[in-house]
Each structure stands twice: as C-alpha cells, then as structure tokens.
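# What the coordinates show
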Amino acid sequence: MHSDLIGKIEKARRYAAEPERIKFSDLRATFHGGNSDHEISLHDGQWSCNCSFFRMWGTCAHVMAMQRILHPMLTEEARQADLAIAQLDLNV
C-alpha cells in the first residue's frame, strides 16, 4: 500500500474519533419509530419530522433522539429543541 494512502487512513481514524469536527447543516433520514417510519430532516439548523406530535409541538421523540445521537456534530441551533421540556436531561 502506498505510504500516502496509509497516512490518509490514519488521519481518517483520528478524525472519526473526534466527531465534533463535523457540523451537519442539512440531513435527511428515515427514523424507524415504535409504530411506523418517519421522515426526519435538518435544514439550516431547523428540525422537521412528519409525525403528528411534531406538527403539534415542534419537536418529538424522533428529533430529540437524533439530537442526542448527533450532539457533538450539530450546530448550537440544531442542538436546541423548540419545546422547553426537551431541554431536560432525562439521562435516557
């Protein structure tokens, strides 16, 4: 293997261990919820989910789970939920 490629592989390993280097601005995913699949997205720091709870409250379990999973890779705006209760650390 070329030494250049070996160096890139090592660099990739270091980067993977530091997820805070990455900041998502746009993201689209399918979230397999307890009852059905949901389309969840992040655009310019704003979350969206097609579940009925999100339409009513502006956040949902799917968004809060994504925020928890991706926390070090989100902008400060994307880390914040629109619902005050979502700010509680439930240590789930």
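Computed from a predicted model, the values in this text were never measured in an experiment.

The rules behind the values
Residues numbered from 1 in each chain as written. Predicted model: local features only at pLDDT ≥ 70, side-chain atom pairs only at ≥ 80, totals over all residues. Heavy atoms only, no water. Core = buried A, V, L, I, M, F, W, Y, C linked by side-chain atoms within 4.5 Å. Buried < 20%, exposed > 50% of the residue type's maximum accessible area, 1.4 Å probe, protein only. Helix = DSSP H or I, 4+ residues; strand = E, 2+ residues; numbered from the N terminus. Contact = heavy atoms within 4.5 Å. Patch = residues over 30% accessible without salt bridge, like charges linked within 9 Å, V, L, I, M, F, W, Y side chains within 5 Å. Areas by Shrake-Rupley, 256 points an atom, 1.4 Å probe, with all protein chains shown as cover. Salt bridge = Lys/Arg side-chain N within 4 Å of Asp/Glu carboxyl O. Pairing = 2+ DSSP bridges. Axes fitted to C-alpha atoms, helices over the stretch in contact; angles between N-to-C directions.

## Remarks on the nonpolar core
- In terms of nonpolar packing, the biggest core is built from 13 residues, with W47, C49 and V63 touching the most fellow members.
- Of all the elements in the fold, those that place two or more residues in this core are strand 2 (37-43), strand 3 (46-49) and helix 3 (61-70).
- Broken down by element, this core gets its largest block of residues, 3 residues, from helix 3.
- Apart from residues no more than four positions distant in its own chain, C49 is found in contact with H38, E39, I40, F54, C60, H62 and V63.

## Some remarks on a nonpolar patch on the surface
- Judged by side-chain polarity, F53, M56 and W57 come together as a nonpolar surface patch covering roughly 360 Å² of accessible area.
- With respect to the helices, strands and loops of the structure, W57 is situated in helix 2 (residues 52-57).

## Side note on the environment of H62
- With respect to the element layout, H62 can be found in helix 3.
- Between the C-alpha atom of H62 and that of C49, which follows or precedes it by 13 residues, the distance is 7.5 Å.
- Residues in contact with H62, not counting those within four places in the same chain, are F31, G33, H38, I40, C49 and C51.

## Some details on unusual backbone geometry
- Positive phi values are uncommon outside glycine, yet D44 reaches one of about 50 degrees.
- Relative to the assigned elements, D44 resides in the loop between strand 2 and strand 3.

## Here's the deal with the sheet that holds strand 1 (residues 26-32)
- Taking strand neighbours across the sheet as the criterion, the 3 strands line up as 1-2-3 in an open arrangement whose pairing is antiparallel. Among the strands making up the open sheet, the edge pair consists of strand 1 and strand 3. Averaged over all neighbouring strand pairs, the angle between strand axes comes to 15 degrees, with direction disregarded.
- When strand 1 meets strand 2, the two strands line up antiparallel, connected through 7 bridges. Within the sheet, the bridge partner assigned to T30 lies in strand 2 and is E39.

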